[in-house]
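Remarks on the overall topology
So the chains spell out like this:
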There are 2 protein chains.
Amino acid sequence: MVARLIAARERVRGHAHRTPVMTSLTLDERTGARTAFKCESLQRMGAFKFRGAYNTIAQIPEAVRARGVVAFSSGNHAQAVALVAQEFGIPAVIVMPSWAPQSKLDATRGYGAEIVFYDQVGEDRDGLAERLSRERGLTLVPPFNHPEIVAGAATAADELFEEVGDLDLLLVPLGGGGLLSGSALAARVRCPSCRVIGVEPEAGDDGARSFRSGRLERIETPETIADGARTQSLGPVTFELIRRYVADIVTVPDAELIRAMAFAIERMKLMVEPTGVLALAALMSGRVEANGQRVGVMISGGNADVAQIARWLAGLADDRQLR
Amino acid sequence: MVARLIAARERVRGHAHRTPVMTSLTLDERTGARTAFKCESLQRMGAFKFRGAYNTIAQIPEAVRARGVVAFSSGNHAQAVALVAQEFGIPAVIVMPSWAPQSKLDATRGYGAEIVFYDQVGEDRDGLAERLSRERGLTLVPPFNHPEIVAGAATAADELFEEVGDLDLLLVPLGGGGLLSGSALAARVRCPSCRVIGVEPEAGDDGARSFRSGRLERIETPETIADGARTQSLGPVTFELIRRYVADIVTVPDAELIRAMAFAIERMKLMVEPTGVLALAALMSGRVEANGQRVGVMISGGNADVAQIARWLAGLADDRQLR
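All values reported here derive from a predicted model rather than from experimental measurement.

**Examining the sheet that holds strand S8 (residues 195-201) of chain B**
Residue and element names in this part refer to chain B.
- As summarised here, the arrangement of the six strands in space is S1-S2-S10-S7-S8-S9, forming an open sheet in which the pairing is mixed. Only two strands of the sheet have a single partner each, and these edge strands are strand S1 (21-22) and strand S9 (248-252).
- With five bridges joining them, strand S7 (residues 169-173) and S8 adopt parallel strand pairing. Bridging from a neighbouring strand, Leu169 pairs with Arg195 of S8.
- Running at roughly 135° to strand S2 (residues 34-39), helix H8 (residues 147-164) makes contact with S1, S2, S7 and strand S10 (294-299) of the sheet.

**A closer look at the domain arrangement of chain A**
Residue and element names in this part refer to chain A.
- Partitioning chain A into domains gives domain 1 (2-47 + 146-322) and domain 2 (49-140).
- Each of domain 1 and domain 2 has a C-alpha centre, and the two are 23 Å apart.
- Looking only at domain 1, the three residues that lose the most surface to domain 2 are Arg11, Arg44 and Met45, adding up to 29% of its buried area.
- Across the contact surface, domain 1 and domain 2 share three salt bridges.

**Remarks on a nonpolar patch on the surface**
Residue and element names in this part refer to chain A.
- Together, Val2, Ile6 and Val189 line one region of the surface with nonpolar side chains, adding up to about 200 Å² of accessible area.
- One can find Val2 in helix H1 (residues 2-12).
- What makes Val2 partly exposed here is its relative accessible area of 37%.

**Observations regarding the packing of aromatic side chains**
Residue and element names in this part refer to chain A.
- Applying the stated criterion across every chain, the model contains four aromatic pairs over all chains.
- With a centroid separation of 5.9 Å and 25° between ring planes, the pair formed by Phe50 and Tyr54 is classed as stacked. With Phe50 and Tyr54 both in helix H3 (residues 49-57) and four residues apart, this pair spans about one turn of that helix. Each member of the pair, Phe50 together with Tyr54, is buried.
- Among the aromatic side chains, those forming a connected cluster through ring pairs are Phe50, Tyr54 and Phe88.

Rules used throughout
All residue numbers refer to position in the chain's written sequence, counted from 1. Chains and ligands are labelled sequentially in the order written, the chains with letters from A and the ligands with numbers from 1. Owing to the predicted nature of the model, reporting of local features is limited to residues with pLDDT of at least 70; listing and counting of side-chain atom pairs is limited to 80 or more, with chain, interface and lining totals taken over all residues. Note that water and hydrogens are dropped before the side-chain values are worked out from all heavy atoms of the structure. We treat two strands as partners when DSSP finds at least two bridges between them. Runs of H or I in DSSP of at least four residues are treated as helices and runs of E of at least two as strands, each being numbered from the N terminus. Whether two residues are in contact is decided by their heavy atoms, any of which lying within 4.5 Å being enough. To obtain each axis, a line is fitted to C-alpha atoms, and for helices this fit is confined to the stretch in contact; angles are then taken between N-to-C directions over 0 to 180 degrees. Domains are outlined according to an automatic or database domain assignment. The term buried area means the drop in 1.4 Å probe accessible area that two parts suffer when joined, counted for both and summed. Each salt bridge in this description consists of a side-chain nitrogen of Lys or Arg and a carboxyl oxygen of Asp or Glu lying within 4 Å of one another. Surface patches are drawn from residues lacking salt bridges whose relative accessible area is over 30%; two like charges belong together within 9 Å, two nonpolar side chains (Val, Leu, Ile, Met, Phe, Trp, Tyr) within 5 Å. To be clear on the numbers: accessible area is Shrake-Rupley with a 1.4 Å probe, and residue cover counts the displayed protein chains and nothing else. The cut-offs for exposure are 20% and 50% of the maximum accessible area for each residue type, with area from a 1.4 Å probe on protein chains only; residues under the lower value are buried, those over the upper are exposed, and the others partly exposed. Only Phe, Tyr and Trp rings take part, Trp by its six-membered ring, and two of them pair if their centres are within 6.5 Å. Stacked means planes under 30 degrees apart, edge-to-face means over 60, and tilted covers everything else.

Put into structure tokens, the structure is as follows:
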């Protein structure tokens with residue numbers, strides 16, 4: 001996997017943005033930590049997912065790649081595959097749930113992809129994606145459970161370590177585990193003493209449960225605003241890396257995610273989606289003790305509907321009035 | 001002024017953030033331009049104002065500076081002076097209107113400044129600030145009409161040119177003219193062929209009127225959501241530089257500002273305040289023809305109330321539903 005990471009680093013350079021690393025004195029004062037945020041919300045298409053998609057699609061043999069790619073995704077992976085396909089000038093078909101946020105549907109179509117809703121054709125998404133792959137000769141680009149997706153995702157934390165040096169702690173949002181296992185891999189290479197901790201929504205704690213039980217636990221439909229972490233379970237590839245290299249997995253409730261989003265928007269001027277602030281929320285809510293430590297915080301993405309953002313912020317403003 | 005810019009560049013280095021320059025393929029496709037955004041919303045305290053305040057306060061003789069500083073400001077300059085004073089460990093008194101956004105009041109107090117509301121003491125703000133200056137020995141830090149404030153503000157565009165090279169066009173938000181005159185100065189030094197255009201809110205078009213008439217025009221209380229551009233007029237210092245180095249001044253209505261804010265939030269993942277998107281709005285609305293050109297867009301700041309943002313975005317989301 002280390003060789004894959006090194007190759008991915010070269011491959012994505014000049015294609016993925018080298019996203020900015022930001023700090024917040026206000027947060028440092030509150031937590032007693034020295035934090036560095038890796039802002040993958042400012043990545044192309046608004047999330048770290050571009051890295052894995054690019055790293056994977058770039059390695060498909062050209063004649064095969066030319067026929068196109070297919071992916072299933074609740075959102076950000078869809079946009080990533082669509083945008084990478086557009087760059088390579090190849091067709092992309094995205095299998096999506098009909099509850100995906102409108103902004104993600106619009107953006108995916110905007111990148112030229114064809115969208116097929118799996119919950120409206122009476123087939124499960126994996127089955128549908130596989131059928132499309134077979135019938136049209138499209139290569140399936142998995143959302144997280146693939147070594148090249150993980151190696152691509154790993155380049156974000158790799159850049160963070162390169163920029164800020166050693167860290168005591170690295171907090172990473174956890175959905176399917178691509179970013180978490182990749183970040184842990186990068187820490188292993190750049191700073192083996194760094195404790196890497198995954199953060200998932202309380203209602204979708206399959207990762208934490210799997211981590212404790214030692215086998216893949218599954219949650220049917222996690223009810224959380226963190227739509228990027230509504231994955232039902234980790235995959236064998238990501239789980240294996242997480243078991244080996246991750247120190248712990250903690251959870252945060254949705255209310256903390258909204259508070260963290262408001263902090264990101266008001267104080268850091270960053271639009272971050274609920275899944276994107278999982279790590280920040282763990283730090284702000286004290287679910288991870290960080291006093292006196294150098295802490296890396298992965299901000300995984302920033303895609304959300306204007307209407308939804310308006311509702312979250314209005315609710316938060318009301319809460320403040322009541323206090 | 002060129003020597004002042006060069007000195008300011010050295011002075012603010014390591015104190016002001018070198019803010020990221022960002023791009024948007026989506027916007028480039030819509031406008032036919034190649035745009036580069038200088039994101040001063042990601043500057044310390046959330047706006048370019050830190051640069052001018054730091055550059056000015058750093059030059060006050062130490063014994064005088066120790067007694068403290070005073071400033072009047074509708075918001076961002078207040079936070080800038082408060083934060084710089086905190087860094088130097090000196091007192092700061094900020095004279096503010098009572099209608100200043102709550103988030104700006106909170107942040108200013110958060111940086112340790114004392115706030116005095118001028119519209120509640122029956123005195124005009126200049127008079128009050130001068131009295132405080134006299135009585136307490138505080139040095140007045142003007143919001144824009146001062147060569148060192150302008151030279152500090154100029155360092156933002158200076159960094160942009162350094163990073164992206166030549167530009168055909170540079171669009172800059174216009175309130176009191178500190179950022180615009182500074183940006184024009186930087187263009188003069190780095191890329192004299194670049195046309196620098198100021199953008200102000202339609203309801204507060206004192207700058208455009210002054211530019212055309214050749215003398216300082218004044219608007220009593222501009223009614224616009226762009227609270228950073230509610231200045232009543234340019235100052236003699238900024239006006240002189242603007243007349244000499246700026247190619248044109250255009251205006252945009254508030255509705256375009258909300259649309260531009262939504263684009264910044266949804267597509268670029270940047271929280272930008274209404275004043276901050278003036279230049280972006282001019283580009284998006286076609287008020288400036290940019291097809292085929294390399295265009296720099298200054299994003300001046302990102303400070304706004306969560307409750308207000310929620311209302312603007314909710315209104316916009318409703319509009320979209322209706323269409």
